[in-house]
Each structure stands twice: as C-alpha cells, then as structure tokens.
Amino acid sequence: MTQTLPTAAVLGARAFAALAGLNRFSDEPGKLTRLYLSPAHRQAAEWTRGAMEVAGLSAHIDAAGSVQGRREGAKPGAPSVMIGSHIDTVKDGGRFDGNLGVVAGILVAQALRDAGIVLPFPLEVVAFGDEENVRFPTSLSTSRALAGEYRQEWLDGRDTDGITLRDALLGFGCDPLGIPALARPPASVAAYLELHIEQGPVLEAEDEPVGIVTAINAQKRARVRVTGEAGHAGTVPMRLRRDALAAAAEMALALEEIASAHDQAVGTVGVFRPDPGATNVVPGAVDFTIDFRCPRNDTLASMDRAIATRFAEIAERRGVSLAISPYSHDDATPMAEPLQEALAAGIARTGANLKARRLPSGAGHDAMAMARLCPAAMLFVRNEKGISHSPLEAMTEADAGIAIRVMLETVLELARRAA
Ligand code: HGY
Ligand code: MN
Ligand code: MN
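The following refers to the structure shown. (Residues numbered from 1 in each chain as written. Chains lettered and ligands numbered in written order. Predicted model: local features only at pLDDT ≥ 70, side-chain atom pairs only at ≥ 80, totals over all residues. Heavy atoms only, no water.)

Here's the deal with the overall build of the protein
A tally of regular secondary structure across the protein gives eleven helices and 16 strands. Here the C-alpha radius of gyration of the protein, 23 Å, is about what a compact globule of 419 residues would show, namely 22 Å. Projected onto its principal axes, the C-alpha coordinates of the protein cover approximately 85 × 45 × 40 Å. Buried residues in the protein amount to 55% of all 419 residues. Counting contacts in the protein only where the partners sit at least 6 residues apart, residues at least 24 apart contribute 77% of the total. In the structure as shown, the protein presents an accessible area of about 16900 Å², 55% of it carried by carbon and sulfur atoms. Treating the 42 positive side-chain charges of the protein as one cloud and the 51 negative ones as another, the clouds have centres 1 Å apart. (Helix = DSSP H or I, 4+ residues; strand = E, 2+ residues; numbered from the N terminus. Rg over C-alpha atoms; globule rule 2.2 N^0.38 Å. Buried < 20%, exposed > 50% of the residue type's maximum accessible area, 1.4 Å probe, protein only. Contact = heavy atoms within 4.5 Å. Areas by Shrake-Rupley, 256 points an atom, 1.4 Å probe, with all protein chains shown as cover. Lys, Arg positive; Asp, Glu negative; His and termini not counted. Charge placed at Lys NZ, Arg CZ, Asp CG, Glu CD.)

Some points on unusual backbone geometry
For the bond running from aspartate 275 to proline 276, omega is 10 degrees, close enough to zero to count as cis. Structurally, the position occupied by proline 276 is in the loop between strand 10 (272–275) and strand 11 (281–282). In the Ramachandran plot, leucine 37 falls in the positive-phi region, its phi being about 70 degrees despite a non-glycine side chain. Structurally, the position occupied by leucine 37 is in the loop between helix 1 (8–22) and helix 2 (39–54). A residue is classified by how much of its surface remains accessible, and leucine 37, at 6% relative accessible area, is buried. Positive phi is not limited to glycine here, since glutamine 264 has a value of about 50 degrees. Checked against the element boundaries, glutamine 264 lands in the loop between helix 7 (244–261) and strand 9 (266–268).

Geometric descriptors of this kind do not, in isolation, establish any biological role.
This is how it looks when you write it as structure tokens:
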C-alpha cells in the first residue's frame, strides 16, 4: 500500500530530532567539535550507520571512514543517485554544517521506503568524514576517495599531536590499503546531490528558504612557516631582531590587502602558532595557514602570485626565512545544469510560492570532489544571518523541512526522467 509522502513540517521535525541524536557526539564537552577519525567521529559514524539501516539502506563504514548507505532500485546495475554531505565539523562548530545534508539523505530514503516507492535506480546516501580538513593537511579526502582522486601522500600527513593520517585510520578501524578500491567506476553514479546551509546572507536577505547553487568558488590553502631568531625580549635591540611573529603578522595583513584588492575574493589566516610562544621570548618561528578563494580561476592565480611576491619581500626585508607549503587547491566548480533544473522542478513541486534562486557558493563542499566523478548539484537552505563555523549557527525546523521535501521531490523528478 503506497502511503503519501511526509509533509515538509513532518520532515523538519524528523530532521531536528535526528540532528539532536547525531550532535550528541563531540570531542569537546559543551561544544560541537568532531574532527576526522576522532572518537566523536567514530560514535557519529556508528549512529549514522544505524540511522541509515533504520531508513532501509544497507550501510557500512568504508576504508576512509565515510558511512555509505545504499538501497537498490528497479533496474539492476543502473547508475545510482547519491545524496551526500559530511559529519565532521570544525572546532566549536555549528550543528547544521554538513550534518543537515546527511540527515536529509537518510530522511529522503526513509520517506521513499515508507511510501513503498522503488526508484528506477539505486539510491545512495553518504556521510563523508573529512570535508573540513581541520585535522590533517588534506583536501576533501573522503569524497575524493570515491571520486578516484585520493592522494597517497596524504597518509603521511600529521595532526598537531604528530599522529599520521595512516595511524589515525588504523586506529579508527579502517584499512588505508583499502582506500584505492573505493574509487567509483565512471558512470556508476548518475548524479550527486547535496543539501547544505548557505553559510551566507543572501537567502535570508531575500526571504527565500532555499536556493540552487550555480558554482563553488575556486580555493587554495597552504601552511606557511616563518623562521627568524628567538631572543630575550628584554635585551635584543629592535634593530637587531629577526622577529618571526612580526614578519608573519605583516604577511597576514598583506593577505588581507591582496584579497580585498581582487574581485569577490576572500583571504583568511585561521591558524597562527608562534614558537616558543612565551611572553619574554622574541618568537623564533611562526606556523600559520592561508586560505584564499574567489569565483574565477584566473583571479585565484593572480592572488597566488601576489601572495608569493609580497611574502618573499617581507621575509627578505626582515631577514627571516619563508616556507609556503600548499596542500589544497580546487578550481571553481560549476554545478551541472540538468541537475539544477531538476532541483528547480523539485522546488516548484514543493511550493508554488518558492523561487528557484540561483547563487554561487563561497564555501567549499564535498560536491567539488564529486563533480569530478559525476554531475553534481547543491541545494542551499537559509540559515540565520548566514552564521556558520560557529556555535551560533542556527536555522528553522520549517526551512529544514522545506529543503528536505525539495530533495525528495528532486529525486522523484530524476526517477521520472529515468523511467
Ligand atoms: O571551508 C569551507 O569552505 C568548508 O566549510 N569546509
Ligand atoms: Mn560543510
Ligand atoms: Mn564547514
């Protein structure tokens, strides 16, 4: 007996209940910090696997630590439709970034199973584990594993405790040797869809609950080490200093100036660690990170050149040495037009009053990696003031329900097209 599909209100309530369950798992009490392959990530992965099974998906934790769920369709061997996002978070992060998209996939699968609907293709739901790349110098490593672009050198990267990614995977119960086999054959996935909070102000400013992502900005990240000379804060005259922190601080301001001078660009120094970090010691070294982004690849290249030139000039003038180690670089990633149209159809079926607002993504997402494997598209949902990567991240249950209903209608639209 085919029941009706759950309303947006029901889906919103289910989503918030599920997120309350998932977000119990954190590595820091009182905050939401769930770094890749941490104990909290393990608990969250187990919870996610259980939730997928309850929703009618056969689920497992793969060799890279992602949770993969799958329900076969009417046509054996047909390319699948995959709904994904991530369950790792930044430090002291928000409850919805990534987590909402995974819960949405599970609820879409559950709604279709409960309604007795068998799609013409397999439906997959994936909870990636390394989208934030906070712990290791990687770049979307778990989604790139499925896209066949995993880099073996990542396994030797270390976290701030000196633990290699390889050892962290083994400790998590994963086998790094099994990662290459995760690569999906081309054409085995027909479409990748991701629901994500906007993490920006546009939808809220236009009073639109959802929007369709046109493209994801180009981005580059690097670790930078500046080495000067440690000394006594009380005795080394200013003219004789080779102060690594003062040099690094000038570089941080140079990045800010360069980003401000390039079209729709952003630049951020998020990590800044002086060594030895004592009040009465002139810092001998500083390790910091740079993250810069913009909509166009040529603009990113221009920023890259300007950063290298300015940092080298500052190092030369201050008598410090400089090492810039890039570890992540993604070109601007357009989202597949046919899938954008399918999302627009899903929006139209969800509410006549809803607009199919198109907008770019300044934030990176697993969809950048998956777009290298198959057509990919993203649905944004409004979140309060666009605040994200913060415990103040918030959204309404009603908007969550609308967005998940759009995802459900979009999957049904793809089923109609595949029939
Ligand atoms: O940094 C980003 O854009 C994403 O949230 N990882
Ligand atoms: Mn995210
Ligand atoms: Mn994020």
